[in-house]
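For reference, the chains in residue letters:
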Amino acid sequence: MSRNIKGGVNIINQSFLRVIFVALIFLRITTNHTTLANKSHSLHTTCNKIDHKTMTELNGGGNNLFGFLDDLRTKYSHQPTFLQAVEEMALALEPLFLDPDKGDFYKRAFVAMAEPERSISFRVTWMDDNGELQINRGWRVEFSSVLGPYKGGLRFHPTVDDGVLKFLGFEQIFKNALTGLPLGGGKGGSDFNPKGKSDGEVRRFCEAFMTELHRYLGPSTDVPAGDIGVGGREIGYMNGQYKRLTNKHGEGVLTGKSILFGGSPLRPEATGYGLIYIAKLAVEKRLQKTLKGMRCAVSGSGNVAQYASQKLLEYGAKVITVSDSNGVLVFDDGMTQDDWDAVVHAKQVNRARLSSLEGKTTGRYIAGQTPWSLDIKYDLAFPCATQNEIDEDGAKLIVKNGVMGVMEGANLPTTLEGQEVLRMHPEVIYIPGKAANAGGVGVSGFEMSQNAQRLTWTSEEVDGRLQSMMADIYQQMEDAAGPKGTLEQGANRAGFLKVAQAMKELGWFY
């Protein structure tokens, strides 16, 4: 949150509220970890459930399988979202940890992966339109360079802190590994909120942010991209400042750039398109169906949701919902092309809320709800908004209403409790974000290749490579899962094994 140096915002009240919020989250995660260690059935059913085979059972008989995570839990108890990502990954890797020959190596490698190679924090000072000085916090978590330069987006949102960025960076390691491209994992951002800011304020903030960050970047070192709150406008401003500061004009140190100065065709569309390409494969191979006529709930209304919806319409599916943080737009008979155009114009041009479209589309707007809280039927769920949007109740509701698949367009949009519900229903296809939304970073990698070659590929070439990459990721999931595993398990295991093997061959871990 910005701090006004001149005039005096009530920092004490803001800090007090933040402390209360963190304390509540800490209480939640502490309760969760108490459940894992306690053999009481009543406690287990009251507190958060982690997996169909509970940590309690795994820790029984003196065989504390996940005890190697205790140090992480103690050190980072104030970062519950990061711990959630670590535990979700660990559960999928259980068979590897139990391997009699390599289990100990995999445990030690996992703990090493969960510690960033370095975390950078800095102050960002900028001037608002009233001539008053503002201060925000900025971070870059350079998590893993095992497979290549640190790669991951920048997020500008008031909820951003080092714990959120560690969660995102940890996920990014394995997502990037699945692409097959030489990319490490990282994440960065600021607690700056671009909403409600003028173009001039956003530009001045982006320039100040890049002034602090630029010394850590390089095409073979660290290459950020966009994320929530960071689109083409923000990437352009930061790229312009980098060029001013360094006098280096051909380096691809940011991806998601305009096509005018080194961007790639289809980069804005890539995450949403890739999500639907992998969903199409899963529906065809696991359900023996096609997307045509399927009712699809999409959450969010940013780039991922927009272009996932566009591709669903292209395949003949019915898009039933899109949403933002204030409510959900429901299209009972499916979104039309005119509806899609209206949503995109509202978000990309007017930067308006979906409530402004009430009466202007065929949809009905419902305030204060999400696609996962509404009692409506659909076949496929595409959470594309933010982390932890599908909780236990939401997962139970969509399963009750007959959902056939959940494909994550956002990063970790399903809580641990929600994941547990999905695992109890193996007939529901569940593809985690590290696989399902890898199209975005994949095309970022393609942009880096184009920058290095001083070439621009055609849209058709990029789209063909994207489809091929998503097909390869799907096959990696199938292969790593084996005949009895799930696609979720396959995604986590395939990414982990690639990074672990690379660490060993580099001599970084043994």
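Source: prediction; values computed, not measured.

Turning next to the pairing of strand S8 (residues 318-324). Most of S8 sits out of view: six of its seven residues are buried. When strand S7 (residues 295-298) meets S8, the two strands line up parallel, connected through three bridges. Residue Cys296 lies in a different strand from S8, and its bridge partner there is Val319. Of the pairings in the sheet, the one linking S8 to strand S9 (residues 327-330) comprises four bridges and is antiparallel in character. Paired with Val322 across the two strands is Leu329, which belongs to S9. Connecting the antiparallel pair S8 and S9 is a turn made up of two residues.

Low pLDDT marks regions whose predicted coordinates should not be analysed in detail. Confidence along the protein chain averages 89 in pLDDT terms, with 87% of residues attaining 70 or more. Counting interchain partners and residues more than four positions distant, the pLDDT-below-50 stretch residues 5-63 has 75 contacts.

As summarised here, the arrangement of the seven strands in space is S10-S9-S8-S7-S11-S12-S13, forming an open sheet in which the pairing is mixed. Of all strands in the sheet, those bounded by a partner on one side alone are strand S10 (364-367) and strand S13 (429-431). Taken pair by pair, the neighbouring strands of this sheet meet at an average axis angle of 15 degrees, ignoring direction.

All right, on to the pairing of strand S6 (residues 222-225) then. A regular strand carries its side chains on alternate faces of the sheet. Neither face of S6 is left uncovered, since the one carrying Asp222 and Pro224 and the one carrying Val223 and Ala225 both have all their residues buried. Across four bridges, the pairing between strand S4 (residues 150-156) and S6 is parallel. Looking across to S6, one finds that Gly152 is bridged to Pro224.

Take the nonpolar core next. Formed by 56 residues in total, the largest nonpolar core has its most connected members in Leu312, Phe382, Met407 and Ile431. Take this core: its biggest share by element is 10 residues, from helix H11 (residues 270-286). Apart from residues no more than four positions distant in its own chain, Ile431 is found in contact with Ile278, Ala282, Val406, Met407, Glu408, Ala436, Met477 and Leu487. Grouped together as the second largest cluster of nonpolar side chains are 41 residues, Phe82, Val86, Phe174 and Ala177 included.

Calculation rules
- Residues numbered from 1 in each chain as written.
- Predicted model: local features only at pLDDT ≥ 70, side-chain atom pairs only at ≥ 80, totals over all residues.
- Heavy atoms only, no water.
- Buried < 20%, exposed > 50% of the residue type's maximum accessible area, 1.4 Å probe, protein only.
- Helix = DSSP H or I, 4+ residues; strand = E, 2+ residues; numbered from the N terminus.
- Pairing = 2+ DSSP bridges.
- pLDDT = per-residue confidence, 0-100.
- Contact = heavy atoms within 4.5 Å.
- Axes fitted to C-alpha atoms, helices over the stretch in contact; angles between N-to-C directions.
- Core = buried A, V, L, I, M, F, W, Y, C linked by side-chain atoms within 4.5 Å.

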